[in-house]
Amino acid sequence: MFSDVIGHSEIIDGLKNIIKSGRIANAYIFAGPSNIGKEFIAINFAKALNCKEVNDDCCDKCVSCRRINDGNHTDVRLIKPDGAKLKIEQMRFLKRQGAYKALESEYKIYIIVDAEKMTPEAANSILKTLEEPSNGTIFILLTQVYNALLPTIRSRCQLLRFSLVPQKVLLEALTKYPGMTEPKAKWLTIRSQGRPGKALKMAGENVNSNKDEMSWVMAVLSQRDKSQLLNVFKKAEEMSKLDDSIDIVISWYRDMLLVKQGCSEELLIHTNEKQKLEQLAQSYSGTEIEKLIDLALNLQNLIQRNINPVLAMEVMMFNALNTLTTRL
């Protein structure tokens, strides 16, 4: 249900008004950072459009809602990349299926995840489908990189821009979850950087699982010892397997910069590592840390554009070590 969504109140209100008015477009683009709820809202929008019991939301109880939740609804499909890309065969399938009327609901809805990963052939194929829309068929394209979509695709879709959820809103929502302590909710809020999906995923994980690895990496970098470069590469390869490897590195640099500036402990992500952070921060200038954060952010952007994550981590570690061997 829309009430289960964390944040994005304006977008939810807009979708409810769309449903109430009956002015349903044949294609939408949900654009914004990863793990902020685009897919969850798209699924709930699909449920609301086809719900048997509620007019501007979903009940999560009727046959239609339950089948969508289970992923076996005939008229609602979630399309994800086949490997690294969305391929033309997947778009051709949508074109064929979209030509038929809905079988058990009012609308046929196709949610295309990571739409920026369409091959050129796939993008041209879906464009032809959007140019000749079928009544009762709705496409929802989810993307982190809006400008990576063809301008002709963008012009045929209604755009909904998603932003990071404010910390206050996210913290309030997390504290309501069963078994959630206030300190853990606060840690998750800061660590997830406004991404509810990321916060909920981390809530079920061991938050200290990468502590030792990152402490080792930061210690090696702070020593400016190039003889450890091979070991750094090996650790970079291990870390690249984590979904948020770059975010983890950025979070340490962020805390080091804050510690160097004398901020209060409550603003830190890694509050239990303050002593370690203070030791590491002594080895860096503020300018060096800022330079490393910029490097990490640039590589994070490249990963979103499908650069090999192992290569990205190795480049970051090498450049970090190389930069720090020359004092500014």
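Every residue gets a number counted from 1 within its own chain, in the order that chain's sequence is written. pLDDT decides what is reported in this predicted model: residues at 70 or higher carry local features, side-chain atom pairs at 80 or more are listed and counted, and totals for whole chains, interfaces and linings draw on all residues regardless. Calculated side-chain values reflect all of the structure's heavy atoms, with hydrogen atoms and water omitted.

Peer 1: Now, about the overall build of the protein: what can you tell me, with residues and values included?
Peer 2: Helix and strand counts for the protein stand at 15 helices and 5 strands. Here the protein holds 328 residues, and 47% of them are scored as buried. Put simply, 71% of the contacts in the protein that link residues at least 6 apart link residues at least 24 apart. Put simply, the protein shows about 16500 Å² of open surface, and 48% of that area lies on carbon and sulfur atoms. Starting at the N terminus, helices and strands are each numbered in turn, a helix being any DSSP run of H or I of at least four residues and a strand any DSSP run of E of at least two. For the exposure calls, accessible area comes from a 1.4 Å probe over protein chains only, and a residue counts as buried if that area is under 20% of its type's maximum, exposed if over 50%, partly exposed in between. Note on contacts: a residue pair is in contact if any heavy atoms of the two residues lie within 4.5 Å. Exposure was quantified through the Shrake-Rupley algorithm and a 1.4 Å probe, taking into account, for residues, occlusion by the shown protein chains and nothing else.

Peer 1: Account for the environment of Leu 174, with residues named and values stated.
Peer 2: Along the chain, Leu 174 falls in helix H7 (residues 167-174). For the pair Leu 174 and Ala 185, spaced 11 residues apart in the sequence, the C-alpha separation amounts to 5.7 Å. Contacts of Leu 174, omitting those with residues within four sequence positions, involve Met 180, Ala 185, Leu 188, Thr 189, Ala 199 and Leu 200.

Peer 1: Break down the side chain of Thr 189 for me, citing the residues and quoting the values.
Peer 2: Inspection of the secondary structure assignment puts Thr 189 in helix H8 (residues 182-192). Not counting residues within four places of it along the chain, the set of residues in contact with Thr 189 comprises Gln 167, Leu 170, Leu 171, Leu 174 and Gly 194.

Peer 1: I'd like a rundown of the pairing of strand E2 (residues 76-79), residues and numbers included.
Peer 2: With 4 bridges connecting them, E2 and strand E3 (residues 108-112) associate as parallel partners. Counterpart to Val 76 in the pairing with E3 is Ile 109. Note on the crossover from E2 through helix H4 (residues 88-98) to E3: the handedness is right-handed. A strand pair is defined by DSSP finding two or more bridges across the two strands. Seen with its strands pointing away from the viewer, a crossover is right-handed if its path from the first strand over the helix to the second goes clockwise.

Peer 1: Which residues make up the pattern of salt bridges, and what are the values?
Peer 2: In the sections that follow, a salt bridge refers to a side-chain nitrogen of Lys or Arg positioned within 4 Å of a carboxyl oxygen of Asp or Glu. In this structure the tally under the stated criterion is 8 salt bridges. Among the ionic pairs, Arg 254 bridges to Asp 255, the shortest N-O distance being 2.7 Å.

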